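# Structure at a glance
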Amino acid sequence: MSLFILGLTVYITGFFFFVYVCLIADPQKSKLAHTVVEKLPHHVLSLIENIAGAKIKNALQRTFRYLIYERNPALIILYLVIVLGGWSIMITYGYPYIPSRYLAPYHRYSGYVLFVVCMASFRQAVRTPPGIITPRTMTKFDNYPYDALLYTDGRVCPTLHMKKLARSKYDRMTNRHVARFDHYCAWLDNTIGEENYRFFLFFVMVQWFMCWYGSSVIFWILKGDVDDKHLFEATFFNAATGEEVAPTLAVVVHWVIHRHTYLSAVLLLLSVMGLVLSGFLSFHSYLIFNNMTTNEYFKWREVQKWHKDITNEYRRSLKYRQQENTTNKKGAVTKTCSETLSFGDKGLLIHRKIVTSVLKDDNTDVGCVGTSAPLGGQNNKDKNTAATTTPASEKADTVANDNNNAKNNDSPNIVVMQDPGPMPKNIYNLGLFENLKEVIFPRSLRQDAMARWHLELMERREEMKNGGESAASKVLDKAKKH
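Residues numbered from 1 in each chain as written. Predicted model: local features only at pLDDT ≥ 70, side-chain atom pairs only at ≥ 80, totals over all residues. Heavy atoms only, no water.

### Points about the overall build of the chain
Put simply, the rule is: By definition, any uninterrupted DSSP run of H or I lasting at least four residues is a helix, any uninterrupted run of E lasting at least two residues is a strand, and each is numbered from the N terminus. Residue exposure (1.4 Å probe, protein chains only): buried if accessible area is under 20% of the type maximum, exposed if over 50%, otherwise partly exposed. Each accessible area value is a Shrake-Rupley result obtained with a 1.4 Å probe; residue values ignore everything except the protein chains displayed when judging cover.
Of regular secondary structure, the chain possesses 17 helices and eight strands. Burial analysis of the chain (482 residues in total) assigns 37% to the buried set. Summed over its atoms, the accessible surface of the chain is roughly 27,900 Å², and 61% of this surface lies on carbon and sulfur atoms.

Take a look at the structure:
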């Protein structure tokens, strides 16, 4: 029993350690994540090179980069193995116990229905395009205003060389520009955007329900077997010593795991994944409530960090100048920005000038659980752009560094900094009802957007037709002259 508890503890601890280190923690900020994600692989590769040679090391590196940084079906295969394997175990070892003391006969049929819905939602999420922006579909997806903060008018995609619409982003994994880009989901091998976010969300909800429903069914199967055999009233014997053992909870659980090993393993897997999916669904519920995408969530985190840092620096500067009694002299901390910065007109210009420089690098990959810089898998067109960008943290600290320089400079002619004013608002948050409406009925698929797009296509066709007729008439006229 002690070995089982030890193994269970190691499994759960290892799972959450993996989730934190590889999915949640930032290797640039967390020493543990930096050691595991960056230092440890480097040492392992060096060891492999010393033992097996450079060819083996390079082959492993290429395989790792392909699995992590390039589009591949690895996680789709893993998902199908887990789901189909779990259902096979359930049908083989669990269904013979249905109906039971605690489970009605309809659970046999509801399980089949849930399996069909699970596979159908998976197929729909994989096959539905996210909303791909091209010069031909630009009008269809041009439905959001620029907020002059995260998105500014006039920007051009450096890879595809076309106008960047508000809330759109170039996806390096699929080499497409996606409308209302959310993230790239490796489990589906598809980008999640404006037109398939609802199917992605439905897929996640089905998986979440399947995990908790399956957990509860297996639990009641096992509990029914325990109660049918009256195990808490039975007498157990130690196989090694032959001594009687009291039917405690630990002893009964040990017996259940020994007798129903496969069902117990599936129960553990479903319970852990149910917890993970509960957190993931909660995160996306927060995004929907605030009308954000995953991409925008991490952009707003950068803005919030910048605003907090610059506000603290301003307050320290103000306090420093007040102590010197120089508030009304040349070089004092100015409050002109606080008077205009109501996130409109002049205040908007200040936010746009500073914050857009913080968020200028739009080449960061966004996955299910956060951002990651494109390593080893950049397109050639992106390399020059990435090479010239400055880390956001350096840009966010520019004004703060100016303030520190001012503190160390006795010259009264240095303007310390300006009050950044209130935190900017998300203009896309229109209230819960409208936010849900945008998820269920994307703007690009609504009647007005489709009519506008079809009208433009018709106009283009007419122009091409007229142009073709004009060219043909010129050829005829030329032929008649000759």
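After that view, the rundown keeps rolling.
### Thoughts on the pattern of salt bridges
Quick note on the threshold: A carboxyl oxygen of Asp or Glu within 4 Å of a side-chain nitrogen of Lys or Arg is what we treat as a salt bridge.
By the definition in use, this model includes 14 salt bridges. Between Lys305 and Asp309 there is a salt bridge, with its nearest N and O atoms 3.1 Å apart. Here the residue Lys305 and the residue Asp309 both occupy positions in helix α10 (residues 294-323), the gap between them amounting to four residues, near one helical turn. Each of Arg167, Arg180, Glu296, Glu438 and Arg443 takes part in one network of salt bridges that share partners.

### Observations regarding helix α5 (residues 106-127)
Note the following rule: By this rule the span expected of a helix is its residue count minus one, scaled by 1.5 Å. In this description, one arc is meant: the one made by directions from the helix axis to the C-beta atoms.
With 22 residues, α5 extends 32 Å from end C-alpha to end C-alpha; this agrees with the ideal 32 Å at 1.5 Å per step. Looking at α5, one finds that the buried residues are His107, Gly111, Leu114, Cys118, Ser121, Phe122 and Ala125. Along α5, the residues classed as buried sweep out an arc of 100° about the axis, all on the same side. In α5, the exposed residues that point more than 90 degrees away from the buried face are Tyr109, Val113, Val116, Arg123 and Arg127.

### Looking at the nonpolar core
We apply this condition: Side-chain atoms within 4.5 Å link the members of a nonpolar core, which is a set of buried Ala, Val, Leu, Ile, Met, Phe, Trp, Tyr and Cys residues. Contact between two residues is taken to exist if any of their heavy atoms lie within 4.5 Å; hydrogens are not considered.
Counting residues in each nonpolar core, the largest one holds 42 residues, and the members touching the most others are Met90, Leu188, Phe200 and Ile218. For this core, the secondary structure elements donating two or more residues are α4 (74-94), α5, α7 (197-228), α8 (249-259) and α9 (261-289). By residue number, the principal contributor to this core is α7, which donates 14 residues. Beyond its immediate stretch of four places on either side in the chain, Phe200 contacts Ala125, His183, Cys185, Leu188, Ile192, Phe280 and His284. With ten residues, the next largest nonpolar core counts Tyr151, Ala166, Leu287 and Tyr428 among its residues.

### Notes on the packing of α4 against α7
What counts, and what does not: The axes are straight lines fitted to the C-alpha atoms, using for helices just the contacting stretch, and the angles between their N-to-C directions are given from 0 to 180°. Comment on the angle field: the value is read as roughly parallel under 35 degrees, roughly antiparallel over 145, roughly perpendicular from 65 to 115, and oblique elsewhere. By convention the crossing between two helices is left-handed if the near helix lies anticlockwise of the far one by an angle smaller than a right angle, and right-handed if it lies clockwise.
One can describe the packing of α4 onto α7 by two numbers: an axis separation of 12 Å at closest approach and a directional angle of 30°. In this view, α4 runs roughly parallel relative to α7, as classed from their interaxial angle. In this structure, α4 meets α7 at a crossing whose hand is left-handed. Facing Tyr79, Trp87, Met90 and Gly94 of α4, the residues of α7 in contact are Phe203, Gln207, Met210, Val217, Ile218 and Ile221.

### Describing the layout of surface pockets
Applied cut-off: Using a grid of 1 Å spacing that covers the protein atoms alone, one calls a set of points a cavity when a 1.4 Å probe fits there but cannot get out, and a pocket when the set is open and has protein on both sides within 12 Å along at least five of seven lines; lining residues are those with an atom within 4 Å of a point. Grid points are joined across faces, edges and corners, and a volume is the space filled by probe spheres set on the points. Classification convention: Asp, Glu, Lys, Arg as charged; Ala, Val, Leu, Ile, Met, Phe, Trp, Tyr, Cys, Pro as nonpolar; all other residues, Gly among them, as polar.
Its volume calculated, the second largest pocket comes out at about 530 Å³. Surrounding the second largest pocket, 20 residues form its lining, Leu222, Val253, Val256, Ile257 and Leu267 being those nearest its centre. Those elements giving two or more residues to the lining of the second largest pocket turn out to be α1 (2-24), α7, α8 and α9. Residue contributions to the lining of the second largest pocket peak at six residues, all from α9. Across the lining of the second largest pocket, the residue classes tally to 14 nonpolar, four polar and two charged.

### Focus: the packing of aromatic side chains
Applicable threshold: In this analysis, rings of Phe, Tyr and Trp, with Trp reduced to its six-membered ring, are considered paired at centre separations within 6.5 Å, and the interplanar angle assigns stacked below 30 degrees, edge-to-face beyond 60, and tilted for intermediate values.
A full pass over the atoms with the stated rule returns 17 aromatic pairs. Here Tyr79 and Phe122 contribute two aromatic rings whose centre-to-centre distance is 4.7 Å and whose plane-to-plane angle is 25°, an arrangement assigned as stacked. Taken together, the residues span a long stretch of sequence, with Tyr79 in helix α4 and Phe122 in helix α5 at a distance of 43 residues. Like Tyr79, the residue Phe122 is buried in the burial classification. Ring geometry for Tyr144 versus Tyr428: centroids 6.0 Å apart, planes at 85°, classification edge-to-face. Residue Tyr144 is located in the loop between α6 (138-141) and β1 (169-171), and its partner Tyr428 is located in the loop between α15 (398-407) and α16 (432-440); the two are separated by 284 residues in the primary sequence. With respect to burial, Tyr144 and Tyr428 carry one shared label: buried.

### Considerations on the confidence of the model for the chain
For residues with low pLDDT, the predicted coordinates do not support detailed interpretation. Here is the rule: As a per-residue measure, pLDDT tells how confident the predictor is, with possible values from 0 to 100.
On average, residues of the chain score 80 in pLDDT, and 76% of them are at 70 or above. Confidence over residues 330-350 falls short of pLDDT 50; this stretch has 45 contacts with residues more than four positions distant or in other chains. Predicted confidence for residues 373-416 stays below pLDDT 50, and this span has 58 contacts to residues more than four positions away or in other chains.

### Side note on a nonpolar patch on the surface
The cut-off we apply is this: Surface patches are defined over residues having more than 30% relative accessible area and no salt bridge, joining like charges when they lie within 9 Å and nonpolar side chains (Val, Leu, Ile, Met, Phe, Trp, Tyr) when within 5 Å.
Together, Tyr11, Ile12, Phe16, Trp208, Phe209, Trp212 and Leu275 make up an exposed nonpolar region whose accessible area comes to about 630 Å². Among the residues examined, Phe16 registers a relative accessible area of 41% and is labelled partly exposed.

### Overview of the side chain of His177
Our working rule: Two N or O atoms count as a polar contact when they lie within 3.5 Å, although within protein this holds only if one can serve as hydrogen donor and the other as acceptor, and sequence-adjacent residues are included solely when both atoms are side-chain atoms.
Mapped onto the elements of the fold, His177 is located in strand β2 (residues 176-178). Here the side chain of His177 touches Ser168 through a polar contact of 3.1 Å, side chain to side chain. Look past the residues within four positions of His177 in its chain and what remains in contact with it is Gly131, Ile132, Ile133, Cys157, Leu160, Met162, Lys164, Ser168, Lys169 and Tyr170.

### Quick word on the state of the cysteines
For the record, the criterion: Disulfide: a pair of cysteine sulfur atoms within 2.5 Å of each other.
Under the definition given, this model contains zero disulfides. You can see Cys118 has no disulfide; the closest cysteine sulfur is in Cys211, sitting 8.8 Å from it.

### Side note on the environment of Ala265
Relative to the helices and strands, Ala265 is located in helix α9. What makes Ala265 partly exposed here is its relative accessible area of 47%. As a C-alpha pair, Ala265 and Gly86 span 179 residues in sequence and 9.3 Å in three-dimensional space.

### Notes on the side chain of Lys140
Within the element layout of this structure, Lys140 appears in helix α6. Lys140 gets classed as buried once you look at its relative accessible area, which sits at 9%. Excluding residues within four positions of it along the chain, Lys140 makes contact with Glu195, Ser444, Leu445, Ala449, Met450, Arg452 and Trp453.

### Describing empty space enclosed by the protein
If you walk through the whole model with that rule in mind, you get three cavities of 30 Å³ or more. In this structure, the largest cavity spans a volume of roughly 120 Å³. In terms of lining, the largest cavity is formed by 13 residues, of which the most central are Arg180, Tyr197, Asn291, Met292 and Val439. Residue contributions to the lining of the largest cavity peak at three residues, all from α16. Its residues placed into classes, the lining of the largest cavity shows five nonpolar, four polar and four charged. Along the wall of the second largest cavity there are eleven residues; nearest its centre are Leu150, Tyr151, Thr152, Arg155 and Lys164. Grouping the constituent residues of the lining of the second largest cavity by class yields five nonpolar, two polar and four charged.

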